[in-house]
Amino acid sequence: MPATTIDPDLLDQYLADFRRDGFLVVRDVFDRQRAAQLVEHLHREHPEYMGGDLTDDHCTVGDRRITAPLRYAPPFDCADFVTHPLVDAILCGTLGRDYVLEAFGVISSLPGAMEQNVHRDGGSLFPDSGLDGLLPPSAVAVAMPLVDMNETSGMTAFWPGSHRQSQRDQESPGIAADAPAGSLVFWDFRTFHNGLANKGDAARPLLYMTLSSSSVSLGVVTMPPG
Ligand SMILES: O=C(O)CCC(=O)C(=O)O
């Protein structure tokens, strides 16, 4: 199991980096065996997301790149990921203590996937006001690469600071996260990013979840007691 104590100074540094850059990579949070076990589960339960014939239950997010929900039940009842103390601490520090889990699933770039369009996942609350860049995030994605993200399998590239900008600076290059299997990658929904090409011969799956601030989640109705 992952370590449960987090150095407060290190956590402050992570939160400062995330607020400044709009993304954060924490390497080697889970051991490689855990990531490999999840890859095995995907091959057995969902070969369609690992290069097999695709069914309807997925969303195409690029050339040979899909995202699909995973049923939160064995073998994908990943409490070690969803409730990991570091994940919780970073989400509490960015979205507030009562953040809401919105989605849980897999993003898979299949062998031969081309580079994905640069995009943001959303998260602009008042797009015409010019104020969005000043606000804290309304939603965050957390991903665990299940295989090494590298030049061959394809990394996720991020445009640091773009969560504060209305447009991306077209001249500046993205920063590619070469995160080993079992790392954690966090990004603010407003941060411009893309998945790079998968030049290898195996799928590159990311286990992921998205979370939102309870103040913007439309999925929860809070009734006053009584
Ligand atoms: O495949 C990746 O590395 C990123 C995927 C992505 O950004 C997305 O699906 O929104």
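Please refer to the structure placed before this passage.
All of the points below concern the structure found in this document. (Residues numbered from 1 in each chain as written. Predicted model: local features only at pLDDT ≥ 70, side-chain atom pairs only at ≥ 80, totals over all residues.)

A few words on the overall build of the chain. If you tally the helices and strands in the chain, you get four helices and 10 strands. Reading the helices (α) and strands (β) of the chain from amino to carboxyl end gives α-β-α-β-β-α-α-β-β-β-β-β-β-β. Computed over its C-alpha atoms, the radius of gyration of the chain comes to 17 Å, within 12% of the 17 Å expected for a compact globule of 226 residues. Across its three principal axes, the chain shows a C-alpha extent of roughly 50 × 45 × 40 Å. Counting the 226 residues in the chain, one finds 37% classified as buried. (Helix = DSSP H or I, 4+ residues; strand = E, 2+ residues; numbered from the N terminus. Rg over C-alpha atoms; globule rule 2.2 N^0.38 Å. Buried ≥ 20, exposed ≤ 12 C-beta atoms within 10 Å, placed from the backbone.)

Here the bond from proline 74 into proline 75 is cis, since omega is 5 degrees, no more than 30 degrees from zero. Residue position: proline 75 is located in the loop between strand S3 (65-69) and helix H3 (79-82). Positive phi, normally seen in glycine, also occurs at aspartate 28, with a value near 55 degrees. Here aspartate 28 shows up in the loop between strand S1 (23-26) and helix H2 (32-45). Here aspartate 28 falls in the exposed class, since 12 other C-beta atoms lie within 10 Å of it. Of note in the backbone geometry, arginine 64 takes a positive phi value of approximately 55 degrees without being a glycine. Relative to the elements of secondary structure, arginine 64 occurs in the loop between strand S2 (59-62) and S3.

Moving on, we come to the sheet that holds strand S7 (residues 175-177). Taken in spatial order, the three strands line up as S7-S6-S9 in an open sheet, and their pairing is antiparallel. Since the sheet does not close on itself, it has two edges, and those belong to S7 and strand S9 (193-195), each with one partner. Between one strand axis and the next, the sheet turns by 25 degrees as a mean value, whatever way the strands run. In this structure, strand S6 (residues 156-158) lies alongside S7, joined through three bridges in antiparallel fashion. Among the inter-strand pairings, phenylalanine 158 is bridged to a residue of S7, identified as isoleucine 175. (Pairing = 2+ DSSP bridges. Axes fitted to C-alpha atoms, helices over the stretch in contact; angles between N-to-C directions.)

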